[in-house]
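# Close look at the chain arrangement
Here are the chains, one letter per residue:
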Amino acid sequence: MKNIKKFRYQLGFTQQELAIRLGITRSHASFLEKKTTKTLAPETASKLCDLFGCSLVSLYGMENFKVEPKNDEEKVEMIKILIESLESEELKNEFQKRN
């Protein structure tokens, strides 16, 4: 997701610093930035939004989406809705495994 890289640059973080703040490896942080799909584990998406001080809508680059979640539960629900809208059964299955 290129927005992760964009927000990381805005904060002046290296991938290693991002990884430490998220509790993941640097290689996983790199993978998240390079990911071509727009799906993240709900917990990761929530942590990124908190760290970057951005909305879930901004993180996913969906500024035209009009609903903004008010709390973590709504963030998770929004992510579920976004994933349901994807056509890939593989991505849906990966998300369901994590929840």
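Residues numbered from 1 in each chain as written. Predicted model: local features only at pLDDT ≥ 70, side-chain atom pairs only at ≥ 80, totals over all residues. Heavy atoms only, no water.

### Here we look at the pattern of salt bridges
- A full pass over the atoms with the stated rule returns three salt bridges.
- Between Asp-50 and Lys-75 there is a salt bridge, with the nearest N and O atoms lying 3.2 Å from each other. Within this pair, whereas Asp-50 is found in helix 4 (residues 42-52), its partner Lys-75 is found in helix 6 (residues 72-84), the two being separated by 25 residues in sequence.
- A residue is classified by how much of its surface remains accessible, and Asp-50, at 53% relative accessible area, is exposed.
- Residue Asp-72 pairs with Lys-75 through a salt bridge whose shortest N-O separation is 3.8 Å. Placement of both Asp-72 and Lys-75 in helix 6 is noted, with a separation of three residues, approximately one turn of the helix.
- Residues joined by salt bridges that share partners form a network here, namely Asp-50, Asp-72 and Lys-75. (Salt bridge = Lys/Arg side-chain N within 4 Å of Asp/Glu carboxyl O. Helix = DSSP H or I, 4+ residues; strand = E, 2+ residues; numbered from the N terminus. Buried < 20%, exposed > 50% of the residue type's maximum accessible area, 1.4 Å probe, protein only.)

### Quick word on helix 4
- Taken together, the buried positions of helix 4 are Pro-42, Thr-44, Ala-45, Ser-46, Leu-48, Cys-49 and Phe-52.
- Following helix 4 by one or two positions, Gly-53 has its phi on the positive side, about 65°.

### Comments concerning helix 2 (residues 15-22)
- Those residues of helix 2 not exposed but buried are Gln-15, Leu-18, Ala-19 and Leu-22. What you see down the axis of helix 2 is that its buried residues fit within an arc of 100°, all on one side.
- Its buried side turned inward, helix 2 meets helix 1 (2-11), helix 3 (26-34) and helix 4.
- Directly beyond the C-terminal end of helix 2, a positive phi value near 75° is found at Gly-23. (Arc of directions from axis to C-beta. Contact = heavy atoms within 4.5 Å.)

### Quick look at the packing of helix 1 against helix 4
- Close contact between helix 1 and helix 4 brings their axes to 10 Å; oriented N to C, the two are set at 30°. Compared by their axis directions, helix 1 and helix 4 come out roughly parallel. The handedness of the crossing between helix 1 and helix 4 is left-handed. Judged by residue contacts, Ile-4, Phe-7, Arg-8 and Leu-11 of helix 1 engage Leu-48, Leu-51 and Phe-52 from helix 4.
- Residues belonging to the contact of helix 1 with helix 4 are distributed by class as follows: six nonpolar, no polar and one charged. (Axes fitted to C-alpha atoms, helices over the stretch in contact; angles between N-to-C directions. Parallel < 35°, antiparallel > 145°, perpendicular 65-115°, else oblique. Left-handed = near helix turned anticlockwise from the far one by under 90°. Nonpolar A, V, L, I, M, F, W, Y, C, P; charged D, E, K, R; others polar.)

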